[in-house]
Amino acid sequence: MKRSIQVRVSPAGEITVEAEGFNGRGCEAATEAIEDALGKAKTRTRKPSFWKRVQGLQNRQQLGGEG
C-alpha cells in the first residue's frame, strides 16, 4: 500500500493531519515533525491499521545479564 500524509486546513483554521498506509506507531513517527510544527493536537483518532501487528517484526527485550 502506498504511504501518504494529507494535511487539510478548514476555512475556520482547523488543521487535520491524516496518514495512510502506515501500521502501528509508524503513523505517529511519520507525522511527528508535522505535528511539532503545527502545535499540539487537540484530539487524536487512531484508525484500525494502528492496531495491526506488523508482520515479521519482533520486539525482544532481555533483562539482567551476565556478570
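Calculation rules
Residues numbered from 1 in each chain as written. Predicted model: local features only at pLDDT ≥ 70, side-chain atom pairs only at ≥ 80, totals over all residues. Heavy atoms only, no water. Salt bridge = Lys/Arg side-chain N within 4 Å of Asp/Glu carboxyl O. Buried < 20%, exposed > 50% of the residue type's maximum accessible area, 1.4 Å probe, protein only. pLDDT = per-residue confidence, 0-100. Helix = DSSP H or I, 4+ residues; strand = E, 2+ residues; numbered from the N terminus. Contact = heavy atoms within 4.5 Å.

K.L.:
Talk me through the pattern of salt bridges; I want residue IDs and the actual numbers.
P.N.:
Tallied over the entire structure, the rule returns 3 salt bridges. Among the ionic pairs, Arg-25 bridges to Glu-28, the shortest N-O distance being 2.9 Å. By relative accessible area, Glu-28 is classed as buried at 19%. With a shortest N-O distance of 3.0 Å, Arg-44 and Glu-35 are connected by a salt bridge.

K.L.:
Can you explain the confidence of the model for the protein chain? Please cite residues and give values.
P.N.:
Model confidence for the protein chain is summarised by a mean pLDDT of 79, while 78% of its residues fall at 70 or above. Mean pLDDT values for the elements of the protein chain range from 87 in helix H1 (residues 26-38) up to 90 in strand S1 (residues 4-9).

K.L.:
Give a detailed account of the side chain of Thr-31, specifying residues and quantitative values.
P.N.:
With respect to the secondary-structure elements, Thr-31 resides in helix H1. When neighbours within four sequence positions are excluded, Thr-31 is seen to be in contact with Ile-5, Val-17 and Ala-19.

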